[in-house]
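A look at the structure
Residue strings, one per chain:
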There are 2 protein chains.
Amino acid sequence: MTVDHQPIIGFIGTGVMGQGMVSNLLQNGYQVNVYNRTRSKAEPLIEKGAIWRDTPQEVAENVDVTITIVGYPDDVEAVYLEDGILDAAAEGSIVIDMTTSSPQLAESIAEAARKKGIAALDAPVSGGDVGARNGKLSIMVGGDAEVYEACLPIFQAMGENIVHQGPAGAGQHTKMANQIKIASNMIGVCEAMAYAEKAGLDPDTVLQSISSGAAGSWSLSNLAPKMINNDYAPGFYVKHFIKDMTIALNSAEKMGLLTPGLSLAKRLYEELAESGEGDSGTQALYKKYKEQMHTV
Amino acid sequence: MTVDHQPIIGFIGTGVMGQGMVSNLLQNGYQVNVYNRTRSKAEPLIEKGAIWRDTPQEVAENVDVTITIVGYPDDVEAVYLEDGILDAAAEGSIVIDMTTSSPQLAESIAEAARKKGIAALDAPVSGGDVGARNGKLSIMVGGDAEVYEACLPIFQAMGENIVHQGPAGAGQHTKMANQIKIASNMIGVCEAMAYAEKAGLDPDTVLQSISSGAAGSWSLSNLAPKMINNDYAPGFYVKHFIKDMTIALNSAEKMGLLTPGLSLAKRLYEELAESGEGDSGTQALYKKYKEQMHTV
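For clarity, every value in this text was computed on a predicted model and none was experimentally measured.

This brings us to the domain arrangement of chain A. All names here are of chain A. Domain boundaries assigned for chain A yield domain 1 (9-168) and domain 2 (173-295). The centre of domain 1, based on its C-alpha atoms, is set 29 Å off from the matching centre of domain 2. Summed over both partners, the interface of domain 1 with domain 2 comes to about 1,100 Å²; 60% of that surface belongs to carbon and sulfur atoms. Linking domain 1 with domain 2 are zero salt bridges, by the criterion used here. There are five residue pairs in polar contact (both at pLDDT 80 or more) connecting domain 1 and domain 2. Among the secondary structure elements, those contributing two or more residues to the side of domain 1 that touches domain 2 are α6 (103-115) and β7 (125-126). If one sorts the elements of the side of domain 1 that touches domain 2 by residue count, α6 sits on top with three residues. Counted by class, the side of domain 1 that touches domain 2 contains six nonpolar, eight polar and one charged residues.

Given below as structure tokens:
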């Protein structure tokens, strides 16, 4: 990217995450061109000054940097390789996929982009819709270092903990490590709280003892209280977590790495989704343990 | 306990934990009578003013409050019910077991004590030898509320986060919940770091991205760096963690609670111990994943 103006940004996917991210880009003075499958979801951003484009290609051909955050790896593949972002984007432009998606797909996209003189980064995030809204996302970036450096101001408009993790795919691999860590830990949180309740303890009092020591974790502090209060409203959807664990497990298998904890978590969450909890928050895993609560 | 003097304390078990705990009791002005199976380990405490007694009974018959922290539930059972602490302790005195032990055994001891007019607390700790030395243990207490209140100054000499969790056994149940949480989380830490290394990422850089967000935990921040540096020195021994997980799993099974994550962790750690790692720190679980690192 050699531009003498502030780069013009394209943003494809203005869902829960995209809403906050585009708002922060606009607030930082960027011109942002947006596209979303459901146009109505982009309206609040258009009111704030974003420019609507009718197709992903139309976004890509009008901007210096095309950012995508869509649902599933299939959507990523479609928008880059079928809907033709890579056909429409100008030589010398940059594409950044911020969807949590397959590391191997990120490598393929980067390779396809390279052949057309386009630079590609994979830059998935963590921090949820709250982090997106507040510009406090953690952003894990894969791709060429100089492209990462060029895009750093853009990332800084959306996030706080921004780390270049390595070549194409490294951002996605890092996000997978993040989700793998969460997967087994969620089982630990559920089993600890279920044990406490089953033993007749007061779970809030148990948390006083165990939250701040060697058992402490973000999930224990933030999700266990929701479990106790039967609050299963989604911060992060069960169905999306299953998507991530599926990508992670496939990727681990391709690398020849056995991850029995991840396999167990994926199985438990799939059973949970089959029982109709796909749209609940990930803390709903506790329901699988609650079922055992009144039987001996 | 109705005493008009500062209670005289007995302390049975002056191992790594007991050393720090007795030192802090002495520093807080308590007279402490000590017994340990291996007398030499008590010498540093005798030099600091502790009074040596030749048997557990001799400790118990000379004090107002007998504290025990020994190895395994079998040791607890032996010292209370066979070596006869409960025979030797005076009516109106208090016994406190601070070993991580079986909740059901704690209930039995409390019941046996009650019949002799002795009050019993179960008060396992977390925080390790460092916490014991610095007087910063987390202490989880089960037993009668008024006995807990009477012993609070004693606990405060040894710990910081001191919580009364309920009736006899509740302290042990809380410690089990703590260990159950750690068990699955350790799998998550290992699998996340193994995935990162297998994917060719720099694990320290990955930790920069994932330590402070939703994947964050005490174990990730404190043990993952040791895994990366092949530092398997024991903070907490594999063999002791297996002991705790065995108690927890037995207890969960007695209550009719399925804990597949705990079962998996126990199995993995048992395999690890069978390969000769019982005296390593719990972070040595990473070795089971490292084995896969150079094969595809």
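What follows concerns the relation of the copies chain B and chain A. Its rotation angle being 180°, the transformation that places chain B on chain A also includes 0.0 Å of axial translation and leaves an RMSD of 0.0 Å. Put plainly, the chains are arranged around a two-fold axis. Here 100% of the interface residues in chain B have copies in chain A that are interface residues too; the copies meet face to matching face.

Time to look at helix α14 (residues 260-277) of chain B. Burial in α14 of chain B covers these residues: Gly261, Leu262, Leu264, Ala265, Lys266, Leu268, Tyr269, Leu272 and Glu277 of chain B. Where α14 of chain B is buried, its residues touch α9 (170-198) and α14 (260-277) of chain A together with α9 (170-198), α13 (238-255) and α15 (286-290) of chain B.

Turning our attention to the packing of aromatic side chains. Applying the stated criterion to the full structure yields eight aromatic pairs over all chains. Measuring from ring centre to ring centre gives 5.7 Å for Tyr35 of chain B and Trp52 of chain B, while their planes differ by 35°; the resulting arrangement is tilted. One end of the pair, Tyr35 of chain B, is in strand β2 (residues 32-35); the other, Trp52 of chain B, is in strand β3 (residues 51-52), with 17 residues separating them in the sequence. Chaining the aromatic ring pairs together yields one cluster made of Phe236, Phe241 and Tyr269 of chain A. Over the ring of Tyr237 of chain A we find Lys239 of chain A, and its NZ or CZ is 5.0 Å from the ring centre.

Take the packing of helix α1 (residues 16-27) of chain A against helix α8 (residues 145-158) of chain A next. Residue and element names in this part refer to chain A. Close contact between α1 and α8 brings their axes to 8 Å; oriented N to C, the two are set at 115°. Here α1 and α8 pass one another in a crossing that is right-handed. On α8, the residues that touch Met21, Asn24 and Leu25 of α1 are Ile154, Ala157 and Met158. Looking at the contact of α1 with α8, its residues break down into five nonpolar, one polar and no charged.

Let's shift gears to the nonpolar core. Among the nonpolar cores identified, the biggest contains 94 residues, and Tyr269, Leu285 and Tyr286 of chain A together with Tyr269, Leu285 and Tyr286 of chain B are the most heavily contacted of them. Apart from the residues lying within four places of it in its own chain, the contact partners of Tyr269 of chain A are Met186, Val238, Phe241, Ile242, Met245, Thr282 and Leu285 of chain A.

Attention now goes to the pairing of strand β9 (residues 159-166) of chain A. Residue and element names in this part refer to chain A. Note: strand β8 (residues 137-142) against β9, six bridges, orientation parallel. Following the sheet pairing, Ser138 is matched in β9 by Asn161. Regarding topology, α8 serves as the crossover connection from β8 to the parallel β9, and that connection is right-handed.

About the thresholds
Residues numbered from 1 in each chain as written. Chains lettered and ligands numbered in written order. Predicted model: local features only at pLDDT ≥ 70, side-chain atom pairs only at ≥ 80, totals over all residues. Heavy atoms only, no water. Domains from an automatic or database assignment. Buried area = accessible area lost by both parts, 1.4 Å probe. Salt bridge = Lys/Arg side-chain N within 4 Å of Asp/Glu carboxyl O. Polar contact = N/O pair within 3.5 Å; in protein donor to acceptor, adjacent residues only side chain to side chain. Helix = DSSP H or I, 4+ residues; strand = E, 2+ residues; numbered from the N terminus. Nonpolar A, V, L, I, M, F, W, Y, C, P; charged D, E, K, R; others polar. Least-squares fit on C-alpha atoms with pLDDT ≥ 70 in both. Contact = heavy atoms within 4.5 Å. Buried < 20%, exposed > 50% of the residue type's maximum accessible area, 1.4 Å probe, protein only. Phe/Tyr/Trp six-rings, centres within 6.5 Å; stacked < 30°, edge-to-face > 60°. Lys NZ or Arg CZ within 6 Å of the ring centre and 35° of its normal. Axes fitted to C-alpha atoms, helices over the stretch in contact; angles between N-to-C directions. Left-handed = near helix turned anticlockwise from the far one by under 90°. Core = buried A, V, L, I, M, F, W, Y, C linked by side-chain atoms within 4.5 Å. Pairing = 2+ DSSP bridges. Right-handed = clockwise from strand over helix to strand, strands pointing away.

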